[in-house]
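Coordinates in review
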Amino acid sequence: MRIAMILIAATLLSPGMALALQCTPNDDAARILASPDPDDIHPDWSDGSTVGMSWTFEGKEVGGGNYLKGKLISPRGGVASRGVYIIANEWDCSN
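Every value quoted in this text rests on a predicted model; they were computed, and no experiment measured them. (Residues numbered from 1 in each chain as written. Predicted model: local features only at pLDDT ≥ 70, side-chain atom pairs only at ≥ 80, totals over all residues. Heavy atoms only, no water.)

1. A few points about the side chain of Glu90
With respect to the helices and strands, the residue Glu90 is situated in the loop between strand 4 (79–87) and strand 5 (91–94). With relative accessibility at 14%, the residue Glu90 sits in the buried group. Setting aside anything within four residues of it in sequence, one finds Glu90 in contact with Pro25, Asn26, Ala29, Ala30 and Arg31. (Helix = DSSP H or I, 4+ residues; strand = E, 2+ residues; numbered from the N terminus. Buried < 20%, exposed > 50% of the residue type's maximum accessible area, 1.4 Å probe, protein only. Contact = heavy atoms within 4.5 Å.)

2. Considerations on the packing of aromatic side chains
On inspection of all chains with the given rule, the structure shows 2 aromatic pairs. A ring pair is formed by Trp45 and Trp55, whose centres lie 5.5 Å apart and whose planes are at 85°; its orientation type is edge-to-face. A residue pair is termed long-range when its members are at least 10 positions apart, and Trp45 in the loop between strand 1 (21–25) and strand 2 (56–62) and Trp55 in the loop between strand 1 and strand 2 qualify at 10 residues. Each member of the pair, Trp45 as well as Trp55, is classed as buried. Their ring planes at 55° and their centres at 6.0 Å tell us that Phe57 and Trp91 sit as a pair that is tilted. (Phe/Tyr/Trp six-rings, centres within 6.5 Å; stacked < 30°, edge-to-face > 60°.)

3. Considering the sheet that holds strand 3 (residues 67–73)
Sheet architecture is open: 5 strands sit in the order 4-3-2-1-5, paired in antiparallel fashion. Both edges of this open sheet fall to strand 4 and strand 5, since each of them pairs with a single strand only. Across the sheet, the axes of successive neighbouring strands diverge by a mean angle of 30°, strand direction being ignored. Alignment of strand 3 against strand 4, held across 7 bridges, turns out to be antiparallel. Bridge assignment links Tyr67 to a residue of strand 4, and that residue is Ile87. (Pairing = 2+ DSSP bridges. Axes fitted to C-alpha atoms, helices over the stretch in contact; angles between N-to-C directions.)

4. What about the confidence of the model for the protein?
Summing up the model confidence of the protein, the mean pLDDT is 85 and the portion of residues at 70 or higher is 81%. Looking over the protein, one finds the lowest element-wise mean pLDDT in helix 1 (residues 2–13), namely 43, and the highest in strand 3, namely 97. Taken as a whole, residues 4–16 scores under 50 in pLDDT and shows 2 contacts with residues more than four places along the chain or in a different chain. (pLDDT = per-residue confidence, 0-100.)

Okay, here's the thing in structure tokens:
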């Protein structure tokens with residue numbers, strides 16, 4: 001039992017197994033991106049649609065921490081988009 005707990009702790013603390021961040025938008029101007037480029041709006045969000053305050057994002061930091069990559073979750077709990085990027089400072093994130 002003790003060995004199993006040590007292995008689990010080592011796995012969770014390893015750099016490659018960082019916990020995903022849970023994020024909510026700071027306001028309705030938060031953008032959903034197709035790549036880590038602020039001008040590359042994801043095609044599903046390029047029609048002027050905005051993310052409401054009850055949407056959430058789960059992902060990991062990329063691009064030196066300026067961007068996160070992951071999945072966008074609708075207020076109803078379903079995954080709306082996978083493999084999307086957000087700008088970190090447009091969202092409030094925690095582990």
